[in-house]
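Residue-level structural notes
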Amino acid sequence: MNEKTTLESSHTNWEVLEELKDEDIDLSEIPEVTAEQIARSSLRVGGEPISRRKVRVNIYLDADIVAYFKAQAGGRGYQTLVNEAFKDNIRMKGIGSLLRQVI
């Protein structure tokens, strides 16, 4: 196995990449992901596929947390908002972890 890391042997001009704006990146050769491809995809965590169905769980939340989400929900179910809050938190932690790896 090669002991050299890609960072040591990289010929990438990092200064140029750091100054590059999103609109300057040529994406013309990258095809758009289609709805059909997304429908055939599977969510994986740690390489293992995860079901898209919902799972019933019982958890205890602070009363002020439940009151907040119920007030935010209005006419729809507050549990949907709690679920979205969990998803957002996971996404943000994933992005933060990715950024730390890149930096």
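Cut-offs and rules
Residues numbered from 1 in each chain as written. Predicted model: local features only at pLDDT ≥ 70, side-chain atom pairs only at ≥ 80, totals over all residues. Heavy atoms only, no water. Patch = residues over 30% accessible without salt bridge, like charges linked within 9 Å, V, L, I, M, F, W, Y side chains within 5 Å. Areas by Shrake-Rupley, 256 points an atom, 1.4 Å probe, with all protein chains shown as cover. Salt bridge = Lys/Arg side-chain N within 4 Å of Asp/Glu carboxyl O. Helix = DSSP H or I, 4+ residues; strand = E, 2+ residues; numbered from the N terminus. Buried < 20%, exposed > 50% of the residue type's maximum accessible area, 1.4 Å probe, protein only. Contact = heavy atoms within 4.5 Å. 1 Å grid on protein atoms, 1.4 Å probe; cavity = no way out; pocket = protein on both sides within 12 Å on 5 of 7 lines; lining within 4 Å. Points joined across faces, edges and corners; volume = space filled by probe spheres on them. Nonpolar A, V, L, I, M, F, W, Y, C, P; charged D, E, K, R; others polar.

**Section: a nonpolar patch on the surface**
A cluster of nonpolar side chains, namely Trp14, Leu17, Leu20, Ile25, Leu27 and Ile30, defines an oily patch on the protein surface of about 570 Å² accessible area. When you line up the elements, leucine 20 lands in the loop between α2 (14-19) and α3 (35-40).

**As for the environment of isoleucine 38**
Take isoleucine 38: it is sitting in helix α3. In this structure isoleucine 38 comes out as partly exposed when scored by relative accessible area, which is 48%. In this structure, isoleucine 38 is in contact with Val33 and Arg52, ignoring residues within four places of it in sequence.

**A short note on the layout of surface pockets**
Roughly 1,100 Å³ of internal volume is contained in the largest pocket. Of all the secondary structure elements, the ones that give two or more residues to the lining of the largest pocket are β1 (43-45) and α5 (78-102). Ranked by residue count, the leading element in the lining of the largest pocket is α5, at nine residues. Of the residues assigned to the lining of the largest pocket, the class counts are twelve nonpolar, five polar and six charged.

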